[in-house]
Amino acid sequence: MTDPGKPDAAAERARWAASGAAWDRWADSMADPADRVNRPLLDLCGVTAGDRLLDLASGAGEPALTAATLAGPSGLVVASDLVEPMLAGARRRAAANGAHLAFSLADMTSLPFGARSFDRVTCRFGLMFVPDDRAAVAEMARVLRPGGRAAVAVWGPLEGNILFRELAAVLDRHLGPGALAGLDVLFRHSGAGFLAEVLESGGLDGVEVRHLRLSQGVPADRPFWKATLDMAFSPALATLSPSGREALEARIAAHFAGLADGRGLVPVDMHVVLGAGAAR
Ligand SMILES: C[S@@+](CC[C@H](N)C(=O)[O-])C[C@H]1O[C@@H](n2cnc3c(N)ncnc32)[C@H](O)[C@@H]1O
């Protein structure tokens, strides 16, 4: 299969180094919705008390913080990320919550851990940003003990992810297509069968894929879209003046109000693909 949105390593490093503050700012208020993905992901990974778990691309701590509660005091959870600014949120939240987490700066294609060091590896919304995604999966397989499991979460197609789809439509109309730079990378693994192929060719056995479709009616008069706008489109927003940003946000609010049903609720649908496999 051809790779539909292979990212550029330098652009990704720059994107994430500049995004840490926005992710940390939203992390606590987004913790409950984040857990609706974390729990099925950790369940598919088979996490239990006492596990040694490596979370890749942890960002501000999802799902590492939830994993730490499942692994418990007899386990070990290492939260890792490519860049320190993204990991800063995870460090702050772990300290605030008294969570038992270790931290490591790590590019997931070249992990600073020995072979067979972990029982579980997780990666939530991170694999798509790695140019050589198969090399990242091979590293997951290398650091797992035989029979240990890795589980990843990636985005399903853009059409099934209302927040991204509608924000992209407004930004495209009002800021031009340049504002959507990097968006295709987010949906890189959404094609049918593509994630399974990446996990298998990286060396995982017994690969299984599940589709998680979440839906929630959210009051149109609440700015429920602001976190996604800030976190996913921060490079495009950085070029706007304060009044330009205000005008854009007014357009977005009006756009979502137009999608509300008779009860004033916007149907916020999400489609996430979970994939898992075991090390040999
Ligand atoms: C969309 S965020 C996901 C953060 C968190 N897992 C979550 O779901 O909230 C993507 C993360 O991938 C990290 N990342 C990108 N390329 C990476 C690489 N090659 N190795 C490790 N982490 C990487 C970024 O720094 C960023 O923190």
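Below is a summary of the structure that appears in this document. Everything numeric here is computed off the predicted structure, so don't read it as measured data. (Residues numbered from 1 in each chain as written. Predicted model: local features only at pLDDT ≥ 70, side-chain atom pairs only at ≥ 80, totals over all residues. Heavy atoms only, no water.)

1. Quick notes on the nonpolar core
Then, number 1: By size, the foremost hydrophobic cluster in this structure holds 85 residues, and its most contacted members are Leu54 and Ile252.
Then, number 2: In this structure leucine 54 touches Val78, Ser80, Leu111, Phe113, Phe118, Arg120, Val121, Thr122 and Val143, once residues within four positions along its chain are discounted. (Core = buried A, V, L, I, M, F, W, Y, C linked by side-chain atoms within 4.5 Å. Buried < 20%, exposed > 50% of the residue type's maximum accessible area, 1.4 Å probe, protein only. Contact = heavy atoms within 4.5 Å.)

2. Details of the environment of phenylalanine 113
Then, number 1: One can find phenylalanine 113 in the loop between strand 3 (102–105) and strand 4 (118–124).
Then, number 2: Between the C-alpha atoms of phenylalanine 113 and arginine 142, which are 29 residues apart in sequence, the distance is 9.2 Å.
Then, number 3: With near-sequence residues (within four places) excluded, phenylalanine 113 lies in contact with Leu54, Val78, Ser104, Phe118, Arg142 and Val143. (Helix = DSSP H or I, 4+ residues; strand = E, 2+ residues; numbered from the N terminus.)

3. Section: the site of the ligand
Then, number 1: Of all residues adjacent to the ligand, which total 17 residues, the nearest are Ala57, Glu62, Asp81, Met108 and Arg124.
Then, number 2: Methionine 108 is positioned with one of its backbone polar atoms (N or O) 3.0 Å from a nitrogen atom of the ligand.
Then, number 3: Note that an oxygen atom of the ligand is positioned 2.6 Å from one of the side-chain N or O atoms of arginine 124.
Then, number 4: Against a free-state accessible area of 600 Å², the protein chains account for coverage of 96% of the ligand.
Then, number 5: Looking at the shell around the ligand, its residues break down into 11 nonpolar, two polar and four charged. (Near = heavy atom within 4 Å. Polar contact = N/O pair within 3.5 Å; in protein donor to acceptor, adjacent residues only side chain to side chain. Areas by Shrake-Rupley, 256 points an atom, 1.4 Å probe, with all protein chains shown as cover. Nonpolar A, V, L, I, M, F, W, Y, C, P; charged D, E, K, R; others polar.)

4. Considering the packing of helix 2 (residues 20–27) against helix 5 (residues 84–97)
Then, number 1: Contact geometry of helix 2 with helix 5 gives a least axis separation of 7 Å together with a crossing angle of 25°. What the angle tells us is that helix 2 and helix 5 run roughly parallel. Of the two possible hands of crossing, helix 2 and helix 5 adopt the one that is right-handed. Contacts between helix 2 and helix 5 involve Gly20, Trp23, Asp24 and Ala27 from the former and Pro85, Met86, Gly89, Arg92 and Arg93 from the latter.
Then, number 2: Its residues assigned to classes, the contact of helix 2 with helix 5 shows four nonpolar, two polar and three charged. (Axes fitted to C-alpha atoms, helices over the stretch in contact; angles between N-to-C directions. Parallel < 35°, antiparallel > 145°, perpendicular 65-115°, else oblique. Left-handed = near helix turned anticlockwise from the far one by under 90°.)

5. Overview of the pairing of strand 5 (residues 144–155)
For a regular strand, side chains alternate in direction, first toward one face of the sheet and then toward the other.
Then, number 1: With respect to burial, strand 5 is a largely interior element, nine of its 12 residues being buried.
Then, number 2: Bridging between strand 4 and strand 5 involves six bridges; their strand directions are parallel. By the bridge assignment, threonine 122 is partnered in strand 5 with alanine 151.
Then, number 3: Since strand 4 and strand 5 lie parallel, the crossover through helix 6 (residues 133–143) that links them has a hand, and here it is right-handed.
Then, number 4: Inspection of the sheet shows strand 5 paired to strand 7 (residues 265–278) by seven bridges, in the antiparallel sense. Bridge pairing in strand 7 places arginine 149 opposite alanine 278. (Pairing = 2+ DSSP bridges. Right-handed = clockwise from strand over helix to strand, strands pointing away.)

6. What about the pattern of salt bridges?
Then, number 1: Under the counting rule described, the total for this entry stands at 24 salt bridges.
Then, number 2: One salt bridge connects aspartate 230 with arginine 245, and the closest N-O pair in it is separated by 2.9 Å. With aspartate 230 in helix 10 (residues 226–232) and arginine 245 in helix 12 (residues 242–257), this pair connects stretches of sequence that are 15 residues apart.
Then, number 3: Aspartate 230 sits in the buried class, given a relative accessible area of 9%.
Then, number 4: With a shortest N-O distance of 3.2 Å, arginine 263 and aspartate 261 are connected by a salt bridge. (Salt bridge = Lys/Arg side-chain N within 4 Å of Asp/Glu carboxyl O.)

Purely spatial values, then, with no claim about function.
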